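# Examining the three-dimensional arrangement
Letter by letter, the chains look like this.
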Amino acid sequence: MKVIVTGGAGFLGSHLCDLLLTKGYDVICIDNLATGDIRNIEHIKSEKFTYIKHDVTKPIYFGDKIDYVFHLASPASPIDYLELPIQTLKVGALGTYNMLGLAKEQKARFLLASTSEAYGDPLVNPQPESYWGNVNPIGPRGVYDEAKRYAEAITMAYHRYHNVDTRIARIFNTYGPRMRAGDGRVVPNFINQALKGEDITVYGDGSQTRSFCYVSDLIDGLHRLIRSDFVEPVNIGNPDEMNVLEFAEMVIKITGSNSRLVFRDLPVDDPKVRRPDISRAKEVLGWEPAVKLCKGLEQTIEYFSDN
Ligand code: NAD
Ligand code: UDP
């Protein structure tokens, strides 16, 4: 089977390419390297792998039959999408439109990498897929949240009106090797600060919560989802919730660092809680995360120590 992975040179996309190749698929990775890194795919020597440098906000056509399109292209870290607000909106809107057009033409199955940010700053915790969210459309994070909400809407429209076989994964905070050290997300920030003995920057008072999923679990969830027949959105994430202060202390403990905590302003519209309700993923995919946070963090710390 021939598969396209947009955003395949990014953190999640490169791990997805790895998994698909081990399962025997032909993989075409499309990425413009806006926030990705060619080094994430340099280790891939397989003849079944092709990399195309391309911006998916522009159309692209294939002669050969494509079976699946995994659409992951989009800045994902808050500092990335705050620096690239228009590109983020364009890739969510035009990029998703182009990739749905490709899937329609090819009669390929399409999977959208959506996000827990579709729930915004949620007023219910944990978040089930039935929750419509609490998003500020005109705040700084709106460029990402609304782009992904639009992407979900156009995905369902292509499903309903063009019979495209679609899937929507609402991905919650995922971490692991190949995150960019400078991408600003809490996991690479805290680990790199701890490894260098620098101050650990807790935003706000650190009482906001997140639930961290290890990359191998997440990628397994995406692969199960595209092979399922379930069209409605599915949360993929780890329901083990903790606050940012507890997470900082855990990183300090595992790294054995003597870094101190310092407190910085909370970014605008930073969600106060986030935890996936994964009942649906359990039921329709038989999926739940297997990697404990301490284990996943050890692997991630090892990666950042070596890079
Ligand atoms: P990433 O920034 O590492 O990867 C995104 C990739 O998309 C990069 O390689 C980038 O160069 C590429 N890209 C961006 N715009 C593009 C364009 N116009 N054309 C072609 N390529 C483009 O981020 P990630 O963490 O791997 O996230 C991957 C996807 O998963 C994103 O869609 C993101 O919204 C979603 N997601 C990730 C998380 C997470 O915790 N990592 C959580 C929720 C959702
Ligand atoms: N955060 C923090 N210090 C940092 C980076 C992030 O306290 O150096 C907080 C951030 O305010 C948020 C949480 O950690 O509450 C997760 O942030 P991240 O950027 O990883 O992703 P988000 O879940 O906000 O999309």
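Residues numbered from 1 in each chain as written. Chains lettered and ligands numbered in written order. Predicted model: local features only at pLDDT ≥ 70, side-chain atom pairs only at ≥ 80, totals over all residues. Heavy atoms only, no water.

Compared with an ideal rise of 1.5 Å per residue, which puts 21 residues at 30 Å, helix H4 (residues 142-162) spans 28 Å between its outermost C-alpha atoms and is within 8% of the ideal. What H4 keeps buried is the set Gly142, Val143, Tyr144, Asp145, Ala147, Lys148, Ala151, Glu152, Ile154, Thr155, Met156 and Tyr158. Taken together, the buried residues of H4 touch helix H2 (78-83), helix H3 (85-106), strand S5 (109-115) and strand S6 (166-171). Of the residues trailing H4, Asn163 is marked for its positive phi of about 60°. (Helix = DSSP H or I, 4+ residues; strand = E, 2+ residues; numbered from the N terminus. Expected span 1.5 Å × (residues − 1). Buried < 20%, exposed > 50% of the residue type's maximum accessible area, 1.4 Å probe, protein only. Contact = heavy atoms within 4.5 Å.)

This part is about the packing of aromatic side chains. Tallied over the entire structure, the rule returns 10 aromatic pairs. Ring centres 6.1 Å apart and planes at 40° place the aromatic pair Tyr119 and Phe172 in the tilted group. Of this pair, Tyr119 sits in the loop between S5 and H4 while Phe172 sits in the loop between S6 and strand S7 (174-175), placing them 53 residues apart in sequence. Judged by its relative accessible area of 1%, Tyr119 falls in the buried class. For Phe172, a relative accessible area of 2% gives the class buried. Ring centres of Phe190 and Phe247 lie 5.9 Å apart, and the angle between their planes is 25°; on these two criteria the pair is classed as stacked. Placement of Phe190 in helix H5 (residues 186-196) and of Phe247 in helix H7 (residues 244-255) is noted, with a sequence separation of 57 residues between them. On the basis of relative accessible area, Phe247 is assigned to the buried category, the value being 1%. Through successive ring pairs, a cluster of aromatic residues spans Tyr175, Phe190, Phe212, Tyr214 and Phe247. (Phe/Tyr/Trp six-rings, centres within 6.5 Å; stacked < 30°, edge-to-face > 60°.)

Now for the environment of Asp306. Looking at the secondary structure, you find Asp306 in helix H9 (residues 293-306). Assessed through its relative accessible area of 60%, Asp306 is described here as exposed. Measuring from C-alpha to C-alpha, the distance between Asp306 and Ile38 comes to 18 Å, with 268 residues separating the pair along the chain.

In this structure the tally under the stated criterion is one cavity of 30 Å³ or more. If you add up the space inside the largest cavity, you get close to 40 Å³. For the lining of the largest cavity, the secondary structure elements donating two or more residues are H3, S5 and H4. Here the element with the most residues in the lining of the largest cavity is H3; it accounts for three residues. Here the lining of the largest cavity is built from residues that sort into five nonpolar, four polar and one charged. (1 Å grid on protein atoms, 1.4 Å probe; cavity = no way out; pocket = protein on both sides within 12 Å on 5 of 7 lines; lining within 4 Å. Points joined across faces, edges and corners; volume = space filled by probe spheres on them. Nonpolar A, V, L, I, M, F, W, Y, C, P; charged D, E, K, R; others polar.)

A separate point is the side chain of Thr174. Relative to the helices and strands, Thr174 is located in strand S7. The buried category is assigned to Thr174, whose relative accessible area is 9%. From its side chain, Thr174 meets the backbone oxygen of Phe172 in a polar contact 2.7 Å long. Contact partners of Thr174, with chain neighbours within four places excluded, come to Phe11, Leu12, Met179, Cys213, Tyr214, Val215 and Leu218. (Polar contact = N/O pair within 3.5 Å; in protein donor to acceptor, adjacent residues only side chain to side chain.)

Right, let's talk about the site of ligand 2 for a bit. In the vicinity of ligand 2 lie 18 residues, with Thr201, Tyr203, Arg210, Asp270 and Arg274 positioned nearest. At 2.8 Å from an oxygen atom of ligand 2 is found a side-chain nitrogen or oxygen belonging to Asn189. Between ligand 2 and Asp270 there is a distance of 2.6 Å, counted from an oxygen atom to a side-chain nitrogen or oxygen. When ligand 2 is considered free in solution it has 520 Å² of accessible area, and contact with the protein chains removes 95% of it. Where the shell around ligand 2 is concerned, the elements lending two or more residues are H5 and strand S8 (200-203). (Near = heavy atom within 4 Å. Areas by Shrake-Rupley, 256 points an atom, 1.4 Å probe, with all protein chains shown as cover.)

Close to ligand 1 lie 28 residues, the nearest being Asp31, Thr35, Leu72, Tyr144 and Lys148. The separation between an oxygen atom of ligand 1 and a polar main-chain atom of Leu12 is 2.8 Å. The separation between an oxygen atom of ligand 1 and a polar side-chain atom of Tyr144 is 2.6 Å. Elements supplying a minimum of two residues to the shell around ligand 1: helix H1 (11-22), S5 and H4. Here the element with the most residues in the shell around ligand 1 is S5; it accounts for three residues. Counted by class, the shell around ligand 1 contains 13 nonpolar, 11 polar and four charged residues.

So yeah, pure geometry; function would need other evidence.
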